Amino acid sequence: MSLLSNKAVVYSKPGEVELKDIGYPDLVLRDGPGVNPLNVGRKVNHGVILKVIATNICGSDQHMVRGRTTAPSGLVLGHEITGEVVEVGSDVEFIKKGDIVSVPFNIACGRCDNCRQQDTHICLNVNPDRPGSAYGYVDMGGWVGGQSEYVLVPYADFQLLKFPDKDQAMDKILDLTMLSDIFPTGYHGAVSAGVKMGSTVYVAGAGPVGLAAAHSAQLLGASVVIVGDLNEERLAQARSFGCETVNLREHDDLGEQIEQILGVPEVDCAIDAVGFEASGHGRDAGEAPATVLNSIMDITRAGGRLGIPGLYVTGDPGAVDTDAKEGTLKIRFGLGFAKAHHFVTGQTPVMRYNRDLMKAIFSDRAQISKVVNATVISIDDAPEGYQKFDGGAARKFVIDPHGTVRKHLKLDTADAIG
């Protein structure tokens, strides 16, 4: 039994996270908050223990922390994980101690029919409740989250993306930490929306995933990328790397704003990077969970595609009406049918994209850490980071549990939260 502590970020109650020592992990999935009873005691000889180098706060985490899901108190948070291998299971053949790796947020066995078809976001063998799983997330099987000092990662040979050179990886660590989720998710949104050379693209939401989607659209050759949001600070971040923007708090007619930019009130393709906690457009608008889906159908040309990486859930206890509590939204599906739109939804199959995006980072083609304004914080500052992010800060908070990132990059983070 290891004597090492394992400080982690844990969901406490709506609006609150706390730090707890959850104990050093071993190669067994133990009982705990959110762990499916059928997964308790599951042996993970095919897994590894990582010393976490960087783990990020995600907008999906915020849904749980706001109390907008059925997440239980005590759930260890975090599904964006980059780390160094410190222990290897007996069935692991190719991953070695000392390797620095990126962990796809989807947990996937590599053996089921869906994994064999690269649909690793809907693996059939990791979550007894439904296809698909993720670390530190409600109704995802109970695999322990990675906003911690150490974490268990199953199916290591199949899942882990090993960085070829450790020194090079540490030099690029603020970019590479985005490979676990938001960069592939943004890229998946752009690919799903059919972005190609010359496309005009609308991205709903200027949070980190929306910014990653906008940058991805640029990488794919879009001629114009327009980002819409209610937060001017986040819109300024979108403009910093060449996007056009629309402030939806000031303007409630999205088509009119797009026409002022493009000369026509429509785009070739659109990306929903907001999800189920969407707000209506205009200064006095409140929550309206179908707003983004309906607006992107309205402003996307006939025959266009809609990429929907924004999160939608089957259980939302804080929803504005009874239907929305179970994920039933008032979507103008007839409009989408009439315009022959293509819709792509669901979690992102990270492994479909992360290796290519890693190469784009190492070649300096992709500048994802600048795009999302990566900001390094200590694990002790994580609760305040959650508050700042929830308040609309135009930053992607990167938790550095052991001080490894700050030491290597010689960062002064004394005022990172301020």
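Below is a summary of the structure that appears in this document. Every chain is numbered on its own, with residues counted from 1 as its sequence reads. In keeping with the predicted nature of the model, local features appear solely for residues at pLDDT of at least 70, side-chain atom pairs appear and are counted solely at 80 or more, and the whole-chain, interface and lining totals rest on all residues. With hydrogens and water stripped out, all remaining heavy atoms of the structure feed into the side-chain values.

1. Some words on the pattern of salt bridges
Okay, so step 1: Whenever a carboxyl oxygen of Asp or Glu lies within 4 Å of a side-chain nitrogen of Lys or Arg, that contact is scored as a salt bridge. A full pass over the atoms with the stated rule returns 15 salt bridges.
Okay, so step 2: Between E277 and R66 there is a salt bridge whose closest N-O contact spans 2.9 Å. One end of the pair, E277, is in the loop between β13 (267-272) and α10 (291-299); the other, R66, is in the loop between α1 (59-65) and β6 (81-88), with 211 residues separating them in the sequence.
Okay, so step 3: Remark: exposure states derive from per-residue accessible area (1.4 Å probe, protein chains only) relative to the maximum for the residue type, with buried under 20%, exposed over 50%, and partly exposed in between. Taking relative accessible area as the criterion, R66 reaches 33% and is therefore assigned partly exposed.
Okay, so step 4: A salt bridge links D99 to K162; the nearest nitrogen and oxygen atoms lie 3.6 Å apart. Of this pair, D99 sits in the loop between β6 and β7 (100-103) while K162 sits in strand β9 (residues 161-162); the two residues are 63 residues apart in sequence, bridging distant segments of the chain.
Okay, so step 5: The exposure class of D99 is buried, given its relative accessible area of 10%.
Okay, so step 6: By relative accessible area, K162 is classed as partly exposed at 38%.
Okay, so step 7: Linked by salt bridges that have partners in common, R66, R68, E277, E287, D316 and D390 make up one network. Per the convention used, a helix needs a DSSP run of H or I reaching at least four residues, while a strand needs a run of E reaching at least two, with both numbered from the N terminus.

2. Re unusual backbone geometry
Okay, so step 1: Positive phi outside glycine occurs at Y155, with the angle close to 50°.
Okay, so step 2: In this structure, Y155 sits in the loop between β8 (150-153) and α3 (156-159).
Okay, so step 3: Phi is positive for K410, which is not a glycine, with a value near 55°.
Okay, so step 4: Along the chain, K410 falls in the segment after α16 (404-409).
Okay, so step 5: Given the relative accessible area of 73%, K410 is considered exposed.

3. Some thoughts on the packing of helix α6 (residues 182-192) against helix α7 (residues 208-219)
When two helices pack together, their arrangement is given by the angle between their axes and by how far apart the axes lie.
Okay, so step 1: To obtain each axis, a line is fitted to C-alpha atoms, and for helices this fit is confined to the stretch in contact; angles are then taken between N-to-C directions over 0 to 180 degrees. Between α6 and α7, whose axes approach to 7 Å, the crossing angle comes to 55°. By the criterion of interaxial angle, the relationship of α6 to α7 is oblique. In the crossing of α6 with α7, the sense of the turn from one axis to the other is right-handed. In contact with I182, F183, T185, G186, Y187 and A190 of α6, α7 contributes P208, V209, A212, A213, H215, S216, A217 and L219.
Okay, so step 2: The classification used treats Ala, Val, Leu, Ile, Met, Phe, Trp, Tyr, Cys and Pro as nonpolar, Asp, Glu, Lys and Arg as charged, and all other residues, Gly among them, as polar. Split into classes, the residues belonging to the contact of α6 with α7 amount to 10 nonpolar, four polar and no charged. Comment on the angle field: the value is read as roughly parallel under 35 degrees, roughly antiparallel over 145, roughly perpendicular from 65 to 115, and oblique elsewhere. For any helix crossing, the convention is left-handed if the near helix is rotated counterclockwise from the far helix by under a right angle, and right-handed if that rotation is clockwise. For this analysis, residues touch if any pair of their heavy atoms sits within 4.5 Å.

4. Quick look at the nonpolar core
Okay, so step 1: Ranked by internal contacts, the top residues of the largest apolar core, which has 52 residues, are L179, F183 and V227.
Okay, so step 2: With seven residues, the top contributor of residues to this core is α7.
Okay, so step 3: Residues contacting L179, with those up to four places away along its chain left out, are S102, L161, F163, P184, V350, N354, L357, M358 and I361.
Okay, so step 4: Counting residues in each nonpolar core, the second largest holds 31 residues, with V35, V52, V92 and C112 among its members. Each nonpolar core is a collection of buried residues, namely Ala, Val, Leu, Ile, Met, Phe, Trp, Tyr and Cys, held together in the definition by side-chain atoms within 4.5 Å.

5. Quick notes on α10
The α-helix advances 3.6 residues per turn, and as a result positions three or four apart in sequence lie on the same side.
Okay, so step 1: Within α10, eight of the nine residues are buried, leaving the element largely enclosed by the surrounding structure.
Okay, so step 2: Taken residue by residue, α10 has T291, V292, L293, N294, S295, I296, M297 and I299 as its buried positions.
Okay, so step 3: Along its buried surface, α10 packs onto β10 (200-204), α9 (254-262), β13, β14 (300-307), α12 (333-338) and β15 (342-344).

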